[in-house]
Amino acid sequence: MKGAVLVALAASIGNFLQGWDNATIAGAMVYIKKDMALKSSVEGLIVAISLIGATIITTCSGPVSDWVGRRPMLILSSLFYFLSGLIMLWSPNVFVLCIARLLDGFGIGLAVTLVPVYISETAPSDIRGLLNTLPQFTGSGGMFISYCMVFSMSLSVSPSWRLMLGVLSIPSVLYFILTVFFLPESPRWLVSKGKMLEAKKVLQRLRGVEDVSGEMALLVEGLGIGGETSIEEYIIGPAEEFEGEAADEKDKIRLYGPGEGLSWVAKPVTGQSSLALASRQGSLINKSMALMDPLVTLFGSVHEKLPESGSMVFPNFGSMFSTAEPHVKNEQWDEESQRGDDYTSEAGGVDSDDNLHSPLLSRQATSMDKDMVPPPSHGSILSVRRHSSLMQGNVEAVGNTGIGGGWQLAWKWSEKGEDGKEGGFKRIYLHQEDIPGSRRGSILSLPGEDVHGEGEFIQAAALVSQPALFSKELKDQRPVGPAMVHPSETVSKTPIWSALLEPGVKHALIVGIGIQILQQFSGINGVLYYTPQILEEAGVEVLLSNMGIGSESSSFLISAFTTFLMLPCIAVAMRLMDISGRRRLLLTTIPVLIVSLLILVVFELVTVSTMVNAAISTICVVVYFCIFVMAYGPIPNILCSEIFPTRVRGLCIAICAMVFWIGDIIVTYSLPVMLSAIGLAGVFGIYAVVCIVSWIFVYLKVPETKGMPLEVIAEFFSVGARQAAKGATN
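Residues numbered from 1 in each chain as written. Predicted model: local features only at pLDDT ≥ 70, side-chain atom pairs only at ≥ 80, totals over all residues. Heavy atoms only, no water.

This part is about the side chain of Arg 583. Here Arg 583 is to be found in helix H23 (residues 582-605). No salt bridge is formed by the buried Arg 583, whose closest oppositely charged neighbour, Glu 704, lies at an N-O distance of 6.3 Å. Excluding its chain neighbours within four sequence positions, the residues that come into contact with Arg 583 are Val 296, Val 698, Tyr 699, Val 702, Pro 703 and Glu 704. (Helix = DSSP H or I, 4+ residues; strand = E, 2+ residues; numbered from the N terminus. Buried < 20%, exposed > 50% of the residue type's maximum accessible area, 1.4 Å probe, protein only. Lys, Arg positive; Asp, Glu negative; His and termini not counted. Salt bridge = Lys/Arg side-chain N within 4 Å of Asp/Glu carboxyl O. Contact = heavy atoms within 4.5 Å.)

The next subject is helix H7 (residues 134-154). In this model, H7 (21 residues) spans 30 Å end to end at C-alpha, consistent with the 30 Å of a helix rising 1.5 Å per residue. When you tally the buried positions in H7, you get 16 out of 21 residues, the bulk of the element. (Expected span 1.5 Å × (residues − 1).)

Mean pLDDT over the protein chain: 74, with 67% of residues reaching 70 or higher. Every residue in residues 256-262 scores below 50 in pLDDT, and together they form 27 contacts with partners more than four places removed in sequence or on other chains. In the model, residues 436-455 has pLDDT below 50 throughout and makes 42 contacts with residues more than four positions away in sequence or in other chains. (pLDDT = per-residue confidence, 0-100.)

Per the stated rule, a full pass over the model turns up 13 salt bridges. Of the charged contacts in the structure, one is a salt bridge between Glu 642 and Arg 582, with a shortest N-O distance of 2.4 Å. A residue pair is termed long-range when its members are at least 10 positions apart, and Glu 642 in helix H25 (residues 635-642) and Arg 582 in helix H23 qualify at 60 residues. Residue classification places Glu 642 among the buried positions, given a relative accessible area of 0%.

Each aromatic ring pair is described using two quantities: the centre-to-centre distance and the angle formed by the ring planes. As enumerated under the stated definition, the model contains 15 aromatic pairs in all. Between Tyr 31 and Phe 556, the ring centres sit 6.2 Å apart and the planes meet at 45°, which makes this aromatic pair tilted. Of the two residues, Tyr 31 is situated in helix H2 (residues 13-36) and Phe 556 in helix H22 (residues 551-576); the sequence distance between them amounts to 525 residues. Accessibility assignment for this pair places Tyr 31 and Phe 556 in one class, buried. On the basis of an interplanar angle of 85° and a centroid distance of 6.3 Å, the ring pair of Tyr 624 and Phe 684 is categorised as edge-to-face. With a gap of 60 residues between them, Tyr 624 in helix H24 (residues 610-628) and Phe 684 in helix H26 (residues 649-701) connect regions that are remote in the sequence. Since its relative accessible area comes to 1%, Tyr 624 is described here as buried. Members of the aromatic cluster, connected to one another through ring pairs, are Tyr 624, Phe 625, Phe 628, Tyr 632, Phe 684 and Tyr 687. It is Arg 205 that lies over the ring of Phe 182; its NZ or CZ is 5.0 Å from the centre. (Phe/Tyr/Trp six-rings, centres within 6.5 Å; stacked < 30°, edge-to-face > 60°. Lys NZ or Arg CZ within 6 Å of the ring centre and 35° of its normal.)

Written out as C-alpha cells, the structure reads:
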C-alpha cells in the first residue's frame, strides 16, 4: 500500500500549512497589536477573517469538487496559500492584512474540507483511519516548526510580524508542486464520471497490484443512493452439504471452490446472524435507553463478531462473477477485450476501452475454468482462480471479490417471486460471522491443501440491495450482469439535492453536523489561536523567569513544547485508529479532557502559590492539547469523510464543514471577549460542559466505522435510518 501512503502524505501538506498558519498568527498577533495599536475587536477580526474565508469557500467547495474533481481543488488551495503569504509579507495596513487573511482562509477551507475526503476515497479500508490521522499529525508538526520559528524571531531586538506571516509562501510552493505533478485524481470520483480506465490505472498505482477488479466493481456499486437494503443470512459450504434439502434452487447462490468440480452453495437462513439479530432487535435492545441509535448497535455487531483470524474472509473464493441462466448463454465479459459503442465515457469515446461492461470484473480464466461447465442455476456463479491473491498468506488482499474489512462483493439473480415482487439482480455485501461451530473442516485451509471433510461451512451476514447501475428496461435485452448502464449515463440524471432527503443521508448528516458542532464548542481552535495569550495570563513567565526569557518569548517556547508533545500522542492515535476504532477512542479520551478542564478551573479559582498555579495551568493546557489531538481533533473529519454516499459526499462534506467553520468563527471571535468578561476559569468551565455533552452524543449516536468499505458504511446508514424510524413509530 506504499502508493496510498505516499499520496496521503502529499495531500496532508495542506493541513501542515494550516497548522503553520495557526501558530504564526498566534505569535504574530502579539506584535501586530503593538505595531498597529489594535483594539480587542479588531484583533479578533484579523484572526477570525481567515475563518470567514474558509466558511465562504466551504459553501461551494463540496459541490464544485463533485463537478471538477478533488485534485483541482487541492491545487487551488496551494495557490491561495502562496498568494496570501506574499500579501501578508507586504501588508502596509490592517485592510490589506485582512484581505491576505481572507485568501489564506480560502486555502485553509479547501484543504481542511477536501483532504480527508481525498484520503478516504484513495485509502484502503483497513488503514483508512491511520492515513486520515496524518492531516492531524502534519498540522501539529506545522505548528511546532512555526512556533520554533516565532520563538527564535522573538529573541531579536525588533521582531517582524510580516516576515513571520510571509514565510508561509515557501512551503506552499512544495504543496503546489506535489498536487500538480504527484497526486492522482480520486478513483471514486473518476468512476462517478464514467472514467473507468483512468480509475483502474489510479487504483493499480495506489494498491500496487494489477488486479483491482473487485474494488472497481465496489466503486461502481457505491454510486447508488437510497436503495432498499435488507440484512440476510447465508450458510456457505460445499454443495453436498445441502443435498436432499427441500430448498428452491433460485434461493441459492452457487459458488465454485478452488478444486476442479468442487462447488460451494450459499443457502439463505434465518435467525442465525448476529448482524441480522441486531437489525431485527435493535429497537428492543435499546428500549432501556430510548435515545440510543439502532445504528450504533448495527455497527457494533459487525466489529464484535470479526473472526479471530483478522480480515481473512473466504480465502479460497476467487475472482470472477458471471451470471448463468438456463435459457441464456453464459457470456464471458472482459473489461479490456469486450468493447462496445453503447458504453462510452465522458470523453466521447476517445478511449474505446474506457467503458463499463457488465460485471466489470476481469476474466483471467485458468485451464480449470475453461474445463468447468456451469450447471443450470438462477444463482450467481463464482469462478475461482487457483492462485487467486486472496489465497496467498493470512491477510486478505483488497481486490478480486474481497473489498476490504472482511467484506466480499457478490450478486445474485432472482425471478419474479410468488409475492409479486419484481425479480432481477441483487447486490450482496457478504461478511463472515465468527459464530462457534460455523467454521469446521478445512474450508479456511492454506494454499495447496486439499479442501475436504464433512460439515464444512461458513456463516455469513449479507447486506442485500439493488445494484447501482441495473436497468429494469434492459434486463430482457442483455441480462449478463448487474452493471448494465454506464456511470456517465446516470450521474447527471441523479438530483443531488433531493438525495439529501434520503433517510440514510439525513441520518448521516445528523451524526456529522452534531459531532462538528460539539467539537468546535469544546474550544480547541480558540485555545490554539490564543495559546500564547492564555499561557501568559496563566503566569507562565514565572516558570522561565530565572532563565532570563521574557513573558512573550516564554509563551512561544511553551507553545512549541506543547505542540512537540502532541506529535507522539497523534502517532499513538494513528496506531489505534484502525485497531481500537474511532468510537472507543472518543469515549476514552473525552473524559480526560473533562478532568483536565475541571482541574484548570479549580486552580484558577483557588490560589495555592504563584508557582504552583502557573505550573498546574500549564500542565492542564498541555494535557488538553495532547489528548484532544489523539481523538476529538481528527475523528470528526474522518467520520464525515466516511459516512456519506459517493455521489453526495462532496455536498454533505460542505454542509458539515460549513457548520465547522461557523462554530470556529464564533469560538475564536468570542474568546478574547470571554476572557475579559469571565476569565480563564469561566471559559474552560464552559468548555468542560460541552465536552460532557460530547461524550453523551458519541455514546448514543456515533457508530464505529473502522475497517469498513465506504460503500458498506453508506448501506448501514440506510438500514439504521429505517430502524430509527421504526423505533420512533413504536
